Number of protein chains: 4
Amino acid sequence: MGQKIKVGVIGAGRIGKIHASNIIKNFADVEVKAVADIYADAIKDWAAELGIQHVYADYKKIIEDKDIDAVIICSSTDTHSQITIEAAQAGKHIFCEKPIDYDIARIHQALEAVKLAGVKFQVGFNRRFDHNFKKVRELIQNGSIGDVQIVKVISRDPAPPPAEYVKVSGGMFLDMTIHDFDMVRYLTGSEVTEVYANAAVLVDKAIGEAGDVDTALISLKFANGAIGMIDNCRQAVYGYDQRVEVLGTKGGITVTNDTPTTVVVSTECAVTADKPKYFFLERYMESFEAEMKEFFQSIVTNTEPVVTGIDGLKPVLIGLAAKKSHEEGRPVKL
Amino acid sequence: MGQKIKVGVIGAGRIGKIHASNIIKNFADVEVKAVADIYADAIKDWAAELGIQHVYADYKKIIEDKDIDAVIICSSTDTHSQITIEAAQAGKHIFCEKPIDYDIARIHQALEAVKLAGVKFQVGFNRRFDHNFKKVRELIQNGSIGDVQIVKVISRDPAPPPAEYVKVSGGMFLDMTIHDFDMVRYLTGSEVTEVYANAAVLVDKAIGEAGDVDTALISLKFANGAIGMIDNCRQAVYGYDQRVEVLGTKGGITVTNDTPTTVVVSTECAVTADKPKYFFLERYMESFEAEMKEFFQSIVTNTEPVVTGIDGLKPVLIGLAAKKSHEEGRPVKL
Amino acid sequence: MGQKIKVGVIGAGRIGKIHASNIIKNFADVEVKAVADIYADAIKDWAAELGIQHVYADYKKIIEDKDIDAVIICSSTDTHSQITIEAAQAGKHIFCEKPIDYDIARIHQALEAVKLAGVKFQVGFNRRFDHNFKKVRELIQNGSIGDVQIVKVISRDPAPPPAEYVKVSGGMFLDMTIHDFDMVRYLTGSEVTEVYANAAVLVDKAIGEAGDVDTALISLKFANGAIGMIDNCRQAVYGYDQRVEVLGTKGGITVTNDTPTTVVVSTECAVTADKPKYFFLERYMESFEAEMKEFFQSIVTNTEPVVTGIDGLKPVLIGLAAKKSHEEGRPVKL
Amino acid sequence: MGQKIKVGVIGAGRIGKIHASNIIKNFADVEVKAVADIYADAIKDWAAELGIQHVYADYKKIIEDKDIDAVIICSSTDTHSQITIEAAQAGKHIFCEKPIDYDIARIHQALEAVKLAGVKFQVGFNRRFDHNFKKVRELIQNGSIGDVQIVKVISRDPAPPPAEYVKVSGGMFLDMTIHDFDMVRYLTGSEVTEVYANAAVLVDKAIGEAGDVDTALISLKFANGAIGMIDNCRQAVYGYDQRVEVLGTKGGITVTNDTPTTVVVSTECAVTADKPKYFFLERYMESFEAEMKEFFQSIVTNTEPVVTGIDGLKPVLIGLAAKKSHEEGRPVKL
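If you're wondering where the values come from, they're calculated on a predicted model, not measured in any experiment. (Residues numbered from 1 in each chain as written. Chains lettered and ligands numbered in written order. Predicted model: local features only at pLDDT ≥ 70, side-chain atom pairs only at ≥ 80, totals over all residues. Heavy atoms only, no water.)

**Brief notes about the sheet that holds strand β1 (residues 5-10) of chain A**
Residues and elements named next belong to chain A.
Phase 1: If you walk across this open sheet you meet the six strands as β3-β2-β1-β4-β5-β6, and the pairing is parallel. The sheet is open, and its two borders are formed by β3 (54-56) and β6 (121-123), each paired with just one other strand. If you compare each strand with its neighbour and ignore which way they point, the axes differ by 20° on average.
Phase 2: Sheet topology places strand β2 (residues 30-36) next to β3; three bridges connect them, and they run parallel. Each bridged residue has a counterpart across the sheet, and for Ala-36 the counterpart in β3 is Tyr-56.
Phase 3: Sheet strands in contact with helix α1 (residues 14-26) are β1, β2, β4 (70-73) and β5 (93-96), and its direction is about 155° off that of β2. (Pairing = 2+ DSSP bridges. Helix = DSSP H or I, 4+ residues; strand = E, 2+ residues; numbered from the N terminus. Axes fitted to C-alpha atoms, helices over the stretch in contact; angles between N-to-C directions. Contact = heavy atoms within 4.5 Å.)

Have a look at this one:
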């Protein structure tokens, strides 16, 4: 590519800032030309420090900028599908944070717009780019453990979000488990056909009062015959617990947590090791960079991104089924 | 106790032989006076070598021997409840291999007979006496991890049994998972209130043709609000996989497999460690001895054994519910 | 063997009692006919409980008993060589606790007597029979890591002995390191040609005042060109630290400590695992049984024991060289 | 700081390129204004891609540039002291790769020049900035393990350098062990008072013919009474082995290798985990960035860098003593 890819970042909350700064730091061939955020004033200093030329309150300024090749959508979830449609119609490549939407019809509309425009569209399932999970996928793909029989994901947060957040989050299955629904699809290469959610409020009553659950074991069936389980909790006091385990006909795979150091201290009282890396920023920072690399690669080489629109749609469908399963106390087919 | 406890072992298959030889080796105060097995001829040499005086084909000879204080019932499952009743009526203390029976009514009859006779009755859930799991229970009991939220058991055999065995086994839930149903009760100290079995035939078609499953993820709800999961497979090519994991409000516990050695070899190709101890004989040998110690202790001190008749009954009830859940594709309440 | 091997145990302190009880428990073909201890009265009850017929104050009663085939010498170190000579002359097979003696001339006399009598003679280097170290030896022997370049042994006690003990112990190199000198010979299959002891008093001043050291890093050269290091400390507050590490041209081997359980507890404060098994009784119990098995095997099959008289002599020679190295502050050749 | 720090990089081999690119990527307040390398042509494209304005064949152009605040000296070792002197006299802050020189007199001259000029001077002992080792140091400093008794460093390369390199390397003790000599000083906070090198040629005869060794166990005494050991090998076929272990009066610390992933695969054959990160670029990349951060920090805040001139001198002194020890076969005092 003779010229730099010009990018506009829409939404400069925590994840938007991470993406912008990662791009500037790591991709000499990409320029963050503009950033848009409804609280434009609040991000001006930050943008100036990074050398971003334009700061807008209205994302449409980015959509209308003919010079901009691609958008990174990091705004609030309810705006994702609409901005996707507008960006696609303006011919811009799109990186969209998960989930595309909680409404299946609107996801379909967004994907339709992307298809019509022929632009690249990648969803922000960053964990696919994690060093541990990528290797698990490779080992499965190259037959190291034969046919997959059981796949399990443990995904627990260090501390629960405030009940306020929970109310607008779409519920644990769509807000938190959605990453894990993507992970089991990614690892197995097979679709989920049935879900049974065994869930409860065991961390914070306020979460229950907000109509949500905070602890769940979600049983899964896959199209290829395998079975699976996702273990979620909004609170693991020892830190961010992110593990995976797969059993196949020729072997098993386990992934344990990454830790800040490998230091082990032995005293009269105990043998102690590091807790897991604290939360998703510490744990998955590399993957945020790697997904961007993939996105720009797909633009430059004109190939399909690794995480497609369908990959954005499916976990939402599974999440809605899990919700229904929990509400009705029975397995739900997809 | 001034005098030795005199014991009769009924059924001298693999587990009967283990118990007999463990008693002789480890308990100077206990004498194995007689052993009964329908294939009496086949065990004569073995009994002679151990110095066991009497070998009978008919277990009733043991029941009738007034000199014998206790029986160890290791015969085939379908005879457990009947022999229990006869032994109880003869005033003998009873150690009975799991399960007591697959028929709930007969279990009740057996427990009733035991109650009437006022004899000790212990069921062979040996894993309760395992060093790893005993410590997990202690940590939960002493509040180290707060209230239990999630309890998980992984229990996979190294190789599947022949389909012939499967046909008469009572099915995986009653034959294999029964140990894990006991384990979750033991660890949580709470009763299972609902079961959902997500099961499949992924190891051996012949097992499916015999009407059974070989792989299962069993979702559980507990009376204390906790949720749980049991992971079973009739085949883990890397060996006998026996792990436990608990999440509580103040911490988490994991148990990994015991290995023959701690040797790790690093070469140009890989860093390799030992596989788990091969199967239940290697893995749980200590626990077989420990449960016997407990049994004789309860006789000498006239106290209730750690594994009671109710502990024998409950896992069968859960197993039957799991079977129903699998057959009907829905959660089943207890 | 048609008849039982009849054994006399000489010296019934801690290790003598362990051997006697291990033999009675595990070897149906061996009979402990007599035990001798200068405090005969103190062990009478213990002997009676185990069913040992004869208890003597004078070990000569055992030597003179024509019916006894073998002796287990567990008396104080200064008596080992003398009793070995007398037992050999009486035609008895000998298992002798380490060290044979601290005096090289007397070791030679003892070994000469053994040779003349043609009896079996095994020295109590039990760690050769440990599951971990045996596997390391096998891996080296079968070429898994190519030629050995570096061999390292870590051997630290949980707590220092009283200074009183230290005074009569022969010094750390002969009392404690002697096991490790044997281990490096066993693992490498090569002789030590040079020793440099870097030692200090860092645990207990009283040990220094008693003329000994309590902490040491001992550098070794081997006949096959390899180099090595032994790491000793009389105190590791976290418990008995028994590890080994080998580097070869084709790979490396590490051995970590055995632990009571594999339980790991993660809390807000830390991730904690078990400390090592507490001390040598807990850690090496299996090996005490295994070395006895080997001893009786060598009698029955009339083969050379795995730990020979030369294996008893060499570590004493290395220990004396280490002592000299420390005193003179320079490497000492053997 | 209102203005950017302007930097000149002298020597653009592997490590010079890493520093230049790390600075450009991570420090918005620092500008790499020029780079000098005797093979200027070979690095032009690389410099252009990074946006470095000036590429010189002669480093004096950088020294003479009044606009440049600091130099990063990454040229060949024999030029370090001379360039340090010139840069100091020109008033520039200096980051100098290790070692400053192999000649003690020239090191003193360089440090004298630095002192006279009053400029910052930091030596490139990057491992001090590694997450694992930094934590070990902190734990020692805050008394977590009491007084240090034993400190051990394992430092093995994945593959030996060519004999050609070895000839000009200054020998293993000054080329490779020098990092470990710094590490033991850093960890213990105490000076080495005596060295004994037990070294051999066990990897590659050509290294021996070049007058060097390739395998060594180096025994150390420290001013605070502690003892230590460094384990070096030019070849560990399983990869770059970088571990540390410390024993103190109140506990022990171990550090194991960092690995690319935490994936463990269990098959019928073995349980296999990742090998260590391949070599120093993979293993220590973060520390190269961290040491630069420290260097610029010390300029901006006008404080002493963490790795001083004395820290550059001492390991060379220890290395020369180790060489002498090996040549004369005896411990050498410092």
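Structure shown, so let's carry the discussion forward.
**Quick word on the packing of helix α6 (residues 131-141) of chain D against helix α11 (residues 280-300) of chain D**
All names here are of chain D.
Phase 1: The contact between α6 and α11 brings their axes to 9 Å, and the two run at 60°. When the axis of α6 is compared with that of α11, the two are oblique. From α6, His-131, Asn-132 and Phe-133 reach across to α11, where they touch Arg-283, Tyr-284 and Glu-286.
Phase 2: Looking at the contact of α6 with α11 residue by residue, the classes come out as two nonpolar, two polar and two charged. (Parallel < 35°, antiparallel > 145°, perpendicular 65-115°, else oblique. Nonpolar A, V, L, I, M, F, W, Y, C, P; charged D, E, K, R; others polar.)

**As for the interface of chain B and chain A**
Phase 1: Tallying the contact residues gives 41 residues for chain B and 41 residues for chain A.
Phase 2: Run the count over chain B and chain A and you get six salt bridges.
Phase 3: Of the charged contacts, one joins Glu245(B) and Arg156(A) as a salt bridge, the two residues approaching to 3.9 Å between their closest N and O atoms.
Phase 4: Our enumeration of links across chain B and chain A arrives at 14 residue pairs in polar contact (both at pLDDT 80 or more).
Phase 5: The set of elements that each furnish at least two residues to the side of chain B that touches chain A consists of β7 (148-156), β8 (192-200), β9 (215-222), β10 (227-233), β11 (241-248) and β12 (251-255) of chain B.
Phase 6: Split by residue class, the side of chain B that touches chain A holds 19 nonpolar, 13 polar and nine charged. (Salt bridge = Lys/Arg side-chain N within 4 Å of Asp/Glu carboxyl O. Polar contact = N/O pair within 3.5 Å; in protein donor to acceptor, adjacent residues only side chain to side chain.)

**A short note on the sheet that holds strand β3 (residues 54-56) of chain C**
Residues and elements named next belong to chain C.
Phase 1: In space, the six strands of this open sheet follow the order β3-β2-β1-β4-β5-β6, with parallel pairing throughout. Sheet topology places β3 and β6 (121-123) at the edges, where each strand pairs with a single neighbour. Each strand of the sheet is rotated relative to its neighbour by a mean of 20°, with strand direction disregarded.
Phase 2: Inspection of the sheet shows strand β1 (residues 5-10) paired to strand β2 (residues 30-36) by six bridges, in the parallel sense. Counterpart to Val-7 in the pairing with β2 is Val-32.
Phase 3: The strands that helix α2 (residues 40-50) touches are β2 and β3; relative to β3, the one it contacts most, it runs at about 165°.

**Here's the deal with the relation of the copies chain B and chain A**
Phase 1: Mapping chain B onto chain A leaves a residual RMSD of 0.1 Å; the transformation is a rotation of 180° accompanied by 0.0 Å of translation along its axis. Viewed as a symmetry operation, the transformation between the two copies matches a two-fold axis. Using C-alpha coordinates, one finds that chain B approaches the rotation axis most closely at Arg330(B), a distance of 3.0 Å.
Phase 2: Taken together, the interface assignments show that 100% of the residues at the interface of chain B recur at the interface of chain A, consistent with an identical surface on both copies. (Least-squares fit on C-alpha atoms with pLDDT ≥ 70 in both.)

**A word on the interface of chain C and chain B**
Phase 1: Tallying the contact residues gives 28 residues for chain C and 28 residues for chain B.
Phase 2: On the chain C side of the interface with chain B, the three residues burying the most area are Lys25(C), Thr262(C) and Val263(C), jointly 28% of the side's total.
Phase 3: Inspection of the region where chain C meets chain B yields two salt bridges.
Phase 4: Among the salt bridges present, the one from Asp274(B) reaches Lys135(C), with a minimum N-O distance of 2.4 Å.
Phase 5: Sorting the residues of the side of chain C that touches chain B by element identifies α1 (14-26), α6 (131-141), β12 (251-255) and β13 (263-267) of chain C as the ones contributing at least two each. (Buried area = accessible area lost by both parts, 1.4 Å probe.)

**Considerations on helix α4 (residues 80-89) of chain A**
Because each turn of an α-helix spans 3.6 residues, side chains separated by three or four positions in sequence point in the same direction.
Residues and elements named next belong to chain A.
Phase 1: Across the 10 residues of α4, eight count as buried, placing the element largely inside the fold.
Phase 2: Buried residues along α4 sit against β1, α3 (60-64), β4, β5, α5 (104-117) and β6.
Phase 3: Looking one or two places after α4, you find Gly-91, whose phi comes out positive at around 80°. (Buried < 20%, exposed > 50% of the residue type's maximum accessible area, 1.4 Å probe, protein only.)

**Overview of the relation of the copies chain C and chain B**
Phase 1: With an RMSD of 0.0 Å, the fit of chain C onto chain B corresponds to turning through 180° and sliding 0.0 Å along the axis.
Phase 2: When the interface residues of chain C are mapped onto chain B, 100% of them again fall at the interface, so both copies present the same face.

**Some points on the environment of Val123(A)**
Phase 1: Relative to the elements of secondary structure, Val123(A) occurs in strand β6.
Phase 2: Not counting residues up to four positions away in its chain, the partners in contact with Val123(A) are Cys96(A), Lys98(A), Ile100(A), Val307(A), Thr308(A) and Gly312(A).

**Thoughts on the packing of aromatic side chains**
Phase 1: One pass over the structure, following the stated rule, counts 36 aromatic pairs over all chains.
Phase 2: Ring geometry for Phe295(C) and Phe296(C): centres 5.5 Å apart, planes at 50°, overall tilted. For the pair Phe295(C) and Phe296(C), one class covers both residues: buried.
Phase 3: An aromatic cluster is present here, built from Phe133(B), Tyr240(B), Tyr278(B), Phe279(B), Phe280(B), Tyr284(B) and Phe288(B) joined pairwise through their rings.
Phase 4: Here the basic side chain of Lys17(C) rests over the ring of Trp46(C), its NZ or CZ set 5.8 Å away from the ring centre. (Phe/Tyr/Trp six-rings, centres within 6.5 Å; stacked < 30°, edge-to-face > 60°. Lys NZ or Arg CZ within 6 Å of the ring centre and 35° of its normal.)

**A word on the side chain of Asp241(B)**
All names here are of chain B.
Phase 1: Its place among the elements puts Asp-241 in strand β11.
Phase 2: Among the polar contacts made by the side chain of Asp-241, one reaches the side chain of Tyr-238 at a distance of 2.4 Å.
Phase 3: Of the polar contacts made by the side chain of Asp-241, one reaches the side chain of Arg-243; its length is 2.7 Å.
Phase 4: Beyond its immediate stretch of four places on either side in the chain, Asp-241 contacts Ile-154, Ser-155, Arg-156 and Asn-257.

**Structural notes on the confidence of the model for chain A**
Phase 1: For chain A, the mean per-residue pLDDT works out to 96, and 99% of the residues sit at or above 70.
Phase 2: Overall fold confidence for the complex sits at a pTM of 0.95, while the interface term, ipTM, reaches 0.94. (pLDDT = per-residue confidence, 0-100.)

**Topic: the side chain of Asp258(D)**
Phase 1: Inspection of the secondary structure puts Asp258(D) in the loop between β12 (251-255) and β13 (263-267).
Phase 2: Overall, Asp258(D) belongs to the buried group, its relative accessible area being 10%.
Phase 3: Here Asn132(D) takes part through its side chain, which lies 3.1 Å from a polar atom of the side chain of Asp258(D).
Phase 4: Those residues in contact with Asp258(D), other than ones at most four positions away along the chain, are Thr262(A), His131(D), Asn132(D), Pro276(D), Lys277(D) and Arg283(D).

**With respect to the pattern of salt bridges**
If charged atoms from side chains of opposite charge come close, those side chains can pair.
Phase 1: On inspection of all chains with the given rule, the structure shows 98 salt bridges over all chains.
Phase 2: Between Arg128(B) and Asp311(B) there is a salt bridge, and its shortest N-O distance comes to 3.6 Å. Of the two residues, Arg128(B) sits in the loop between β6 (121-123) and α6 (131-141) while Asp311(B) sits in helix α12 (residues 309-328), which places them 183 residues apart along the sequence.
Phase 3: Taking the relative accessible area as the measure of exposure, Asp311(B) reaches 10% and is therefore buried.
Phase 4: As a salt-bridge pair, Arg243(D) and Glu245(C) come within 2.6 Å of each other at their nearest N and O atoms. On the criterion of chain membership, the pair formed by Arg243(D) in strand β11 (residues 241-248) and Glu245(C) in strand β11 (residues 241-248) is interchain, its members lying in two chains. As far as the burial class goes, Arg243(D) and Glu245(C) line up, both buried.
Phase 5: Each of the salt bridges in this network shares a partner with another, and the network as a whole consists of Lys152(A), Glu245(A), Arg156(B), Asp231(B), Asp241(B) and Arg243(B).

**Considering the pairing of β1(A)**
Residue and element names in this part refer to chain A.
Phase 1: Most of β1 sits out of view: six of its six residues are buried.
Phase 2: Residues Ile-5, Val-7 and Val-9 of β1 are buried on one face, and the alternating residues Lys-6, Gly-8 and Ile-10, pointing to the opposite face, are buried as well.
Phase 3: Handedness of the β-α-β unit built from β1, α1 and β2 comes out right-handed.
Phase 4: Inspection of the sheet shows β1 paired to β4 by four bridges, in the parallel sense. Bridge assignment links Val-9 to a residue of β4, and that residue is Ile-72. (Right-handed = clockwise from strand over helix to strand, strands pointing away.)

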